[in-house]
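Report on the structure
The residues making up each chain are set out below.
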Amino acid sequence: MNAPIRPPAPRHAPVLLWIVGVCAGLEAVFTLLDSPFMSMTALRNAAIVRGAFWPALLSEWSPVFPGQRATMFITYAFLHGGFMHMLFNMLLVLHLGRETVVRLGQGGFMLAFLVTSAGGAGVYALLATSDAPMLGASGAVFGLFGTTMFWDYQRRRALGASLEPVWRTVIGLVVMNVVLYVLVGGMLAWQTHLGGWLAGVLFAWLVTPTLSHRYRGKMPKV
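Predicted model only: the values in this text are computed from it and were never measured.

Scoring rules and cut-offs
Residues numbered from 1 in each chain as written. Predicted model: local features only at pLDDT ≥ 70, side-chain atom pairs only at ≥ 80, totals over all residues. Heavy atoms only, no water. Helix = DSSP H or I, 4+ residues; strand = E, 2+ residues; numbered from the N terminus. Expected span 1.5 Å × (residues − 1). Buried < 20%, exposed > 50% of the residue type's maximum accessible area, 1.4 Å probe, protein only. Axes fitted to C-alpha atoms, helices over the stretch in contact; angles between N-to-C directions. Parallel < 35°, antiparallel > 145°, perpendicular 65-115°, else oblique. Left-handed = near helix turned anticlockwise from the far one by under 90°. Contact = heavy atoms within 4.5 Å. Phe/Tyr/Trp six-rings, centres within 6.5 Å; stacked < 30°, edge-to-face > 60°. Salt bridge = Lys/Arg side-chain N within 4 Å of Asp/Glu carboxyl O. 1 Å grid on protein atoms, 1.4 Å probe; cavity = no way out; pocket = protein on both sides within 12 Å on 5 of 7 lines; lining within 4 Å. Points joined across faces, edges and corners; volume = space filled by probe spheres on them. Core = buried A, V, L, I, M, F, W, Y, C linked by side-chain atoms within 4.5 Å. Patch = residues over 30% accessible without salt bridge, like charges linked within 9 Å, V, L, I, M, F, W, Y side chains within 5 Å. Areas by Shrake-Rupley, 256 points an atom, 1.4 Å probe, with all protein chains shown as cover.

It is worth spelling out helix H5 (residues 138-159) at this point. Taking 1.5 Å per residue as the helical rise, H5 with its 22 residues ought to reach 32 Å, and the 31 Å between its terminal C-alpha atoms agrees with that figure. Where burial is concerned, most of H5 is hidden: 18 out of the 22 residues are buried. One or two positions beyond H5, positive phi appears at Gly 160, with a value near 70°.

Shown next, in the form of structure tokens:
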């Protein structure tokens, strides 16, 4: 039994489309303005200054506006470094987020997205050694990896199925981060990935301590 044991996913999840729409809409505007035809980077730069996660704001830097030290723990997740960065993250949000909607409902998914984004930023703040801005929804993406992996583990334990696929997925995520780190020359916020994943596992463990808790569908058959 090697495939993940998962419940049926919903056909429509407006909250997923809303998240993707906001991220895609912002990046589409920034990309259009950055094109050679317009060469207007001021809007993207302004968004990064005000919305990216800046570690130094937690120490010696002054915020641009009141509350920026708090809002940046969430706003960074809606900004991306380019169209392909956004597209990759949004495809994963759509793929992984559907099970969270099944298990927790749309409000629960939104809470999971916010909690794991903040968790990713928190660990980045603790472990990052650079003052460079961090942005992208990868903290939430790895948070959704964490929630879905916890639920797969939970179901496999309850059904007496093999846990080997869960541990293989963990190893696969580690290997993927190592490969990406090398490919992008160290410009990878692996700390955010780690923090988001840990926050996702912890969140799922706290809000769904049993297999049936807050479950919105039918138990899958094996």
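Once you've had a look at it, read on.
Let us look at the packing of H5 against helix H7 (residues 190-207). Here H5 crosses H7 at 40°, and the two axes come no closer than 6 Å. Considering the angle they form, H5 stands oblique to H7. Handedness of the H5/H7 crossing: right-handed. Judged by residue contacts, Ser 138, Gly 139, Phe 142, Gly 143, Phe 145, Gly 146, Thr 147, Met 149, Phe 150 and Trp 151 of H5 engage Thr 192, His 193, Gly 196, Trp 197, Gly 200, Val 201, Phe 203, Ala 204 and Trp 205 from H7.

As a further point, take the packing of aromatic side chains. To describe a pair of aromatic rings, you give the distance between the ring centres and the angle between the ring planes. Within the structure shown, the criterion is met by nine aromatic pairs. When the centroid spacing of 5.7 Å and the interplanar angle of 55° are considered together, the rings of Phe 78 and Phe 113 count as tilted. One end of the pair, Phe 78, is in the loop between helix H3 (68-75) and helix H4 (83-127); the other, Phe 113, is in helix H4, and 35 residues separate them in sequence. Judged by its relative accessible area of 0%, Phe 113 is buried. Members of the aromatic cluster, connected to one another through ring pairs, are Trp 18, Phe 78, Phe 109 and Phe 113.

This paragraph deals with the pattern of salt bridges. Taken as a whole and assessed by the stated rule, the structure comprises five salt bridges. Close ionic contact of Glu 99 with Arg 155 constitutes a salt bridge, the shortest N to O distance being 2.5 Å. With Glu 99 in helix H4 and Arg 155 in helix H5, this pair connects stretches of sequence that are 56 residues apart. Judged by its relative accessible area of 1%, Arg 155 is buried. Here Glu 164 ties to Arg 168 by a salt bridge, and the two come within 2.9 Å at their closest N and O atoms. Residue Glu 164 and its partner Arg 168 are located together in helix H6 (residues 164-183), separated by four residues, close to a single helical turn. Residue Arg 168 is classed as partly exposed on the basis of its relative accessible area, which comes to 41%.

A few words on the layout of surface pockets. There is about 740 Å³ of room inside the largest pocket. Around the largest pocket, the lining comprises 29 residues; the ones closest to its centre are His 85, Leu 135, Met 187, Leu 188 and Ala 189. At the level of secondary structure, the elements contributing two or more residues to the lining of the largest pocket comprise H4, H5, H6 and H7. A per-element tally of the lining of the largest pocket places H4 first, with seven residues.

Attention now moves to the nonpolar core. Grouped together as the largest cluster of nonpolar side chains are 41 residues, with contacts concentrated most on Val 93, Phe 109, Phe 113 and Phe 145. Residue assignment for this core shows that the elements contributing at least two residues are helix H1 (14-34), helix H2 (42-51), H4 and H5. Ala 112, Phe 150, Phe 203 and Ala 204 belong to the second-largest nonpolar core, a separate cluster that totals six residues.

By the element assignment, Ala 140 lies in helix H5. Along the chain, Ala 140 and Ala 161 lie 21 residues apart, while their C-alpha atoms are 28 Å from each other.

A cluster of nonpolar residues, Leu 126, Leu 127, Val 174, Val 178, Tyr 181, Val 182, Trp 190, Leu 194 and Leu 198, forms a patch on the protein surface that exposes about 860 Å² of accessible area. Where the nonpolar patch is concerned, the elements lending two or more residues are H4, H6 and H7. If one sorts the elements of the nonpolar patch by residue count, H6 sits on top with four residues. Mapped onto the elements, Tyr 181 comes out in helix H6. Taking the relative accessible area as the measure of exposure, Tyr 181 reaches 39% and is therefore partly exposed.

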